[in-house]
Amino acid sequence: MLLGVNIDHVATLRNARGGVEPDTIRAAEVCELNGATSITTHLREDRRHIKDSDVRTLIHTLKTNLNLEMAVTDEMQKIALEIKPHSVCLVPEKRQEITTEGGLDVAGQLDKITNFVKPLKDAGILVSLFIDPTEVQVKASAATGAQFIEMHTGQYSEKFGTPDEEAEFLKLKNSAILAQSLGLKVNAGHGLNYQNVHRMHEIPDLYELNIGHSIISRAIFVGLPQAVQEMKELVK
C-alpha cells in the first residue's frame, strides 16, 4: 500500500494566527522526503484551511502526486481543470461540519456525478469518489466512469476496539472486493491512526491510504519526519 499524507491541518494551525507559519509547502516537502507517495489537500468552499495559493504552489513544487479533495461544484471543477492535479477525490461538503461526516451519495445523484467526472477524466485527471462502504454506493461509483473509490473508514475507526469493530471492518473488506471486481481501484481513509491502520493489510489490494490528522497530531510530539516515517512503516 502507498501512503498519501493530508496536510490540511498544517494549514489549520497557520490560519489560527493569520500568518505564514507553519509553512504548508515545507510540510508537503518534508512528507515527501520521508515516504509520502502523494500529498492530499481539501480545498473547501469556505477555504477554512487550504487556500488557493497553497494548491497552485504545490502543483509546481511537488515531486510526488497532488491529490485534490473537492466538492462536486462548478467552481471546484473549473479549478481542477485549470491546474490539473494528478488526481481528485470528490467528497460531500457541508459548511458547518468540523470534518467530512460521511461518504458521497453517488447512487442518489448518479447522472450529476457521471457528468461531472467526464471532463476531469478527459483532461487526464484520475478521479476517485469518497464513499461509504456499501454495495449500492460501490456499484453506482463504477457506473460513473471514475477510476477509483476511496472508502470512508470513519465508522471502522470509531468502532475500533469495540464489539462492533468486526462488522465495520467487514463492510470495508467486502466493498473493496466488490469494487475491484467491477474494475475500480480502491483507496481508504478517514480516522485511520497508528493503532487501527494495521487491519487495512487484511483488505486485498488496497492501493493507497490517505491519512492526515493522526500524522499531524503525532508530529507535535515527535516531529513531522518521524511521524510520517512511523506511519509509512505501518502501511508497508
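The notes below deal with the structure included here.

Our next topic: the side chain of Thr153. Considering the arrangement of structural elements, one finds Thr153 in the loop between strand S6 (148–152) and helix H7 (154–159). Given the relative accessible area of 0%, Thr153 is considered buried.

Another point: the packing of helix H5 (residues 110–122) against helix H6 (residues 135–144). Across the interface, H5 lies against H6 with an axial gap of 9 Å and an inter-helix angle of 40°. Compared by their axis directions, H5 and H6 come out oblique. The two elements H5 and H6 cross, and the hand of that crossing is right-handed. Contacts between H5 and H6 pair Leu110, Ile113, Thr114 and Val117 from the former with Ala140, Ala143 and Thr144 from the latter. The residue inventory of the contact of H5 with H6, partitioned by class, reads five nonpolar, two polar and no charged.

Here we take up the packing of helix H2 (residues 24–33) against helix H3 (residues 52–61). A pair of packed helices is captured by two measures, namely the crossing angle of their axes and the spacing between those axes. Their axes nearest at 10 Å, the elements H2 and H3 cross at an angle of 35°. Crossing of H2 over H3 shows right-handed handedness. Each of Thr24, Ile25 and Ala28 in H2 lies in contact with H3, whose residues at this interface are Asp54, Thr57, Leu58 and Thr61.

Next up on the list: the side chain of Asn210. Mapped onto the fold, Asn210 is located in strand S8 (residues 208–211). Since its relative accessible area comes to 8%, Asn210 is described here as buried. Separated by 3.2 Å, the side chains of Asn210 and Thr40 make a polar contact. A distance of 3.0 Å separates polar atoms of two side chains, one belonging to Asn210 and the other to Glu150. With sequence-adjacent residues up to four places away left out, Asn210 is seen in contact with Gly4, Ser38, Thr40, Asn67, Glu150, Ala188, Gly189 and His190.

Moving on to the nonpolar core. With 66 residues, the main nonpolar core has Leu90, Leu129, Met200 and Ile215 as its most contacted residues. With residues near it in sequence (within four places) discarded, Leu129 still touches Leu90, Leu104, Val106, Ile113, Val117, Ser141, Thr144, Ala146, Phe148, Ile149 and Glu150.

On to the packing of aromatic side chains. Two aromatic rings are characterised by how far apart their centres lie and by the angle between their planes. A complete count under the given rule lists three aromatic pairs for this structure. Relative to Phe160, the ring of Tyr156 lies with its centre 5.9 Å away and its plane at 70°, an arrangement referred to as edge-to-face. Assessed through its relative accessible area of 1%, Tyr156 is described here as buried. Aromatic pair Tyr156 and Phe169: ring centres 6.2 Å apart, planes at 55°, arrangement tilted. Note that Tyr156 is positioned in helix H7 and Phe169 in helix H8 (residues 165–181), a separation of 13 residues in sequence. Each member of the aromatic cluster is reached from another via a ring pair, and the members are Tyr156, Phe160 and Phe169.

Rules and cut-offs
Residues numbered from 1 in each chain as written. Predicted model: local features only at pLDDT ≥ 70, side-chain atom pairs only at ≥ 80, totals over all residues. Heavy atoms only, no water. Helix = DSSP H or I, 4+ residues; strand = E, 2+ residues; numbered from the N terminus. Buried < 20%, exposed > 50% of the residue type's maximum accessible area, 1.4 Å probe, protein only. Axes fitted to C-alpha atoms, helices over the stretch in contact; angles between N-to-C directions. Parallel < 35°, antiparallel > 145°, perpendicular 65-115°, else oblique. Left-handed = near helix turned anticlockwise from the far one by under 90°. Contact = heavy atoms within 4.5 Å. Nonpolar A, V, L, I, M, F, W, Y, C, P; charged D, E, K, R; others polar. Polar contact = N/O pair within 3.5 Å; in protein donor to acceptor, adjacent residues only side chain to side chain. Core = buried A, V, L, I, M, F, W, Y, C linked by side-chain atoms within 4.5 Å. Phe/Tyr/Trp six-rings, centres within 6.5 Å; stacked < 30°, edge-to-face > 60°.

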